[in-house]
Amino acid sequence: MMQEDDRASGIFESLSRELALACDAQGTVVWRDERAARILGVKPGQTLKSLASHGSENKVEKLLVQARDEAVDGWELILHQHGHKPMTFAFRARPHDGGIAMVGSLVPEDYGAALTQVSTTLGELSALHRETERQQHELKLRAEELTRLNRELEESNRGVRSLHAALDEKAESLQRASEIKSRVVANVSHEFRTPLHSILGLSKVLLNPLNGSLAPEQEKQVQFIRGSAEALFELVNDLLDLSKVESGKTTLRHSRFVVSDFMSALRGMTRPLLAPDSKVTLDFEEPPEPLELETDEAKLSQVVRNLVSNAVKFTEAGSVTVSAAPGPRDTVVFTVKDTGIGIAPENHERVFEEFIQVDSHLQRRVKGTGLGLPLARKLTEVLGGMLTVRSTLGEGATFIITLPRVHPEVSEMTGLTQRSESLDPSRAPVLVLEDDRQTLFLYEKYLARSGFQVLPVRTVEDARRVMQRVRPAAMVLDVMLEGETSWSFLAEMKNGEQTRDIPILVVTVTDREQKARALGADEFWLKPVDEVRLQKKLASLARTGPVERLLIIDDDDVHRYLLKQLLKDTPFQLMEASNGREGVRLARENAPHLIFLDFVLPDITAFDVLDELKADPRTRDIPIILHTSHQLQESERARLSRETSAILAKHTLSREVAITRIRDALSKAGLGNRDLREVNPRG
């Protein structure tokens, strides 16, 4: 029995493709196992470089240098025994007792050939790269030459300038063409999908026997039309989805769902992928325990359906199995396993590159866009997970989706909402209406550092609910929300008696400043928002202070009445003066916080009033807003701009403009600005 074991051990020893070596720091072999002696004929005292194939000595030297200090894996060397054919080994090496311990695995010849082919391809790519660089250099030289010619044309006569104008027009047309090209992907949903829907629908009608039978040849032609339309429709969808993901415009719609229900729905959606006579079975394995996810169910379904469709395409016979199970660290793992043609290890990452298709007999038959797997991986990453593949050529493939059970955005948003439920009395509340969660997180990060508490809402209805329980010190509104706009909410806030004086900052991606200002917005910005600028602006808009007395100096009784009506139900105590001298006297006696001054007065000029106010220490720091219907000269406007906080035309004055200018003038004067809340006339 012992002899048989020894013989079996010898057989396995001879069949093994691994060998072991030990070298000193200089690369001299100090020990080798029997397989190394048998395969390479190496002896102690012999240098490893002496075994290297011609041209690979430097690679051996690099391995020795690196392995002296750290572990090395997967280092390929071409070695040979004297007079024998070179062989490729994949070495693993570790530092050991001042030397290096190495274990090498003999690489099969077919893999070596594949490596040679890859090396050849890389060489060709390198040559193409050099050619591209040469062409780019030529283009650069041509561009420089065109620039020189353009300078000469600018110095030429009127006819040449006309040619220059024509060139400008051509450049504009090219710019327009570029913009149109950029919009194609954005509009592809409607522009491409609508006619494709029509083609698919009409072909379905033609193939329906109830609408009249077709000749066999006609039916075959319509089937071809339908198949081509379906392929184009798939390409359009993939391109659109991929462009949205890459541009960061993908919208996540989180929902809470149970995996078993998700798998049941998926079973129904993927059943049509199998032909009636298919030799492939599609199996869905229920999870061993109830699993609940909170993520974007539609996008997860799109990823799994994409993988199932891909598995069915490349499985001629056998099975495709979809399963789900709990994973580590509160994750859920979905697997799509098939018994198809498989994927070679060197192509495991290539299949996730856009428009890359691994050549095979099935690939040539079924075709495809080369976008399915790249899109699936990108969508998985959007969901906070990762998509990997395990496969061996000829033995099927297993695609693995690992997702967090709760999407990171949901977790962060839940925490942000919970923090906003309890108000911090030491921080001013700011209502932020923004549908993008990432932007909400940025706002909280920015404003938490400057004494504000963010009240996050993602819909107009949520904003109304928050307004019922909290009166914010200021608001930040995004106009373009998911499925709605906030224009009506802005108008509602600025027209409401209890909310019209709350400062509102509109921050959005569309340049609609005129409309925002017309509806009462106190400030308008385009995204993205600078942190310091946002902090300063909100600090000035939401500043509080004891502002009460306001003096109106105007000889026009009607205008004084209109101005009082505009400021009705605000906390200001209004005082009136019908001429300049009376206005100066009231200012000295009552020290108002702000003065509205008419330019044309019956007794003295506005400049005289300004001089007297500036000369008196009691009144020199009072901010003044000049309001007039008089057409000012340039010199008058220049002086008034220096000595007043604002110049307003009487015929354009509105409640919103008046309150905004008062707030700005008080802020510039450093007096602060108490919330201009409405005072309920009924108490």
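This text goes with the structure placed above it.
Since we're looking at a predicted model, the values are computed, not measured. (Residues numbered from 1 in each chain as written. Predicted model: local features only at pLDDT ≥ 70, side-chain atom pairs only at ≥ 80, totals over all residues. Heavy atoms only, no water.)

1. Observations concerning a negative patch on the surface
Here comes step 1: Judged by side-chain charge, Glu154, Glu155, Asp168, Glu169 and Glu172 come together as a negatively charged surface patch.
Here comes step 2: Element by element, the count of residues in the negative patch is highest for helix H5 (residues 158–207), at 3 residues.
Here comes step 3: Assignment of secondary structure puts Asp168 in helix H5.
Here comes step 4: Overall, Asp168 belongs to the partly exposed group, its relative accessible area being 37%. (Patch = residues over 30% accessible without salt bridge, like charges linked within 9 Å, V, L, I, M, F, W, Y side chains within 5 Å. Areas by Shrake-Rupley, 256 points an atom, 1.4 Å probe, with all protein chains shown as cover. Salt bridge = Lys/Arg side-chain N within 4 Å of Asp/Glu carboxyl O. Lys, Arg positive; Asp, Glu negative; His and termini not counted. Charge placed at Lys NZ, Arg CZ, Asp CG, Glu CD. Helix = DSSP H or I, 4+ residues; strand = E, 2+ residues; numbered from the N terminus. Buried < 20%, exposed > 50% of the residue type's maximum accessible area, 1.4 Å probe, protein only.)

2. Looking at the packing of helix H11 (residues 408–421) against helix H12 (residues 437–448)
Here comes step 1: In contact at an axis separation of 10 Å, H11 and H12 are set at 45 degrees when each is read in the N-to-C sense. If you check the angle between H11 and H12, you find them oblique. For the crossing formed where H11 meets H12, the hand is left-handed. The segment H11 lies against H12, with Glu409, Glu412, Met413, Leu416 and Arg419 engaging Arg437, Gln438, Leu440, Phe441 and Glu444.
Here comes step 2: Of the residues in the contact of H11 with H12, the class split is 4 nonpolar, 1 polar and 5 charged. (Axes fitted to C-alpha atoms, helices over the stretch in contact; angles between N-to-C directions. Parallel < 35°, antiparallel > 145°, perpendicular 65-115°, else oblique. Left-handed = near helix turned anticlockwise from the far one by under 90°. Contact = heavy atoms within 4.5 Å. Nonpolar A, V, L, I, M, F, W, Y, C, P; charged D, E, K, R; others polar.)

3. Considering helix H16 (residues 531–541)
Here comes step 1: Along H16, the positions that sit buried rather than exposed are Leu534, Gln535, Leu538, Ser540 and Leu541.
Here comes step 2: A side-chain oxygen of the first residue of H16 lies 3.3 Å from the backbone nitrogen of Val532; this N-cap is Asp530. (Polar contact = N/O pair within 3.5 Å; in protein donor to acceptor, adjacent residues only side chain to side chain.)

4. Things to note about the nonpolar core
Here comes step 1: Among the nonpolar cores identified, the biggest contains 38 residues, and Val304, Leu307, Phe334 and Phe399 are the most heavily contacted of them.
Here comes step 2: Taken together, the elements giving at least two residues each to this core come down to helix H7 (259–270), strand E7 (280–285), helix H8 (297–313), strand E9 (318–327), strand E10 (331–338), helix H10 (372–382), strand E11 (386–391) and strand E12 (397–404).
Here comes step 3: Examining the composition of this core, we find that 7 residues originate from one element, H8, more than from any other.
Here comes step 4: Excluding residues that lie within four positions of it along the chain, Leu307 makes contacts with Val336, Leu373, Ala376, Leu387, Phe399 and Ile401.
Here comes step 5: Counting residues in hydrophobic clusters, the runner-up holds 24 residues, among them Val42, Ala67, Phe89 and Met102. (Core = buried A, V, L, I, M, F, W, Y, C linked by side-chain atoms within 4.5 Å.)

5. Structural notes on the environment of Ala229
Here comes step 1: Topologically, Ala229 is positioned in helix H6 (residues 216–246).
Here comes step 2: With 31 residues separating them along the chain, Ala229 and Ser198 place their C-alpha atoms 9.8 Å apart.
Here comes step 3: Those residues in contact with Ala229, other than ones at most four positions away along the chain, are Leu196, Ile199 and Leu200.

Any functional reading would require information beyond the geometric quantities listed.
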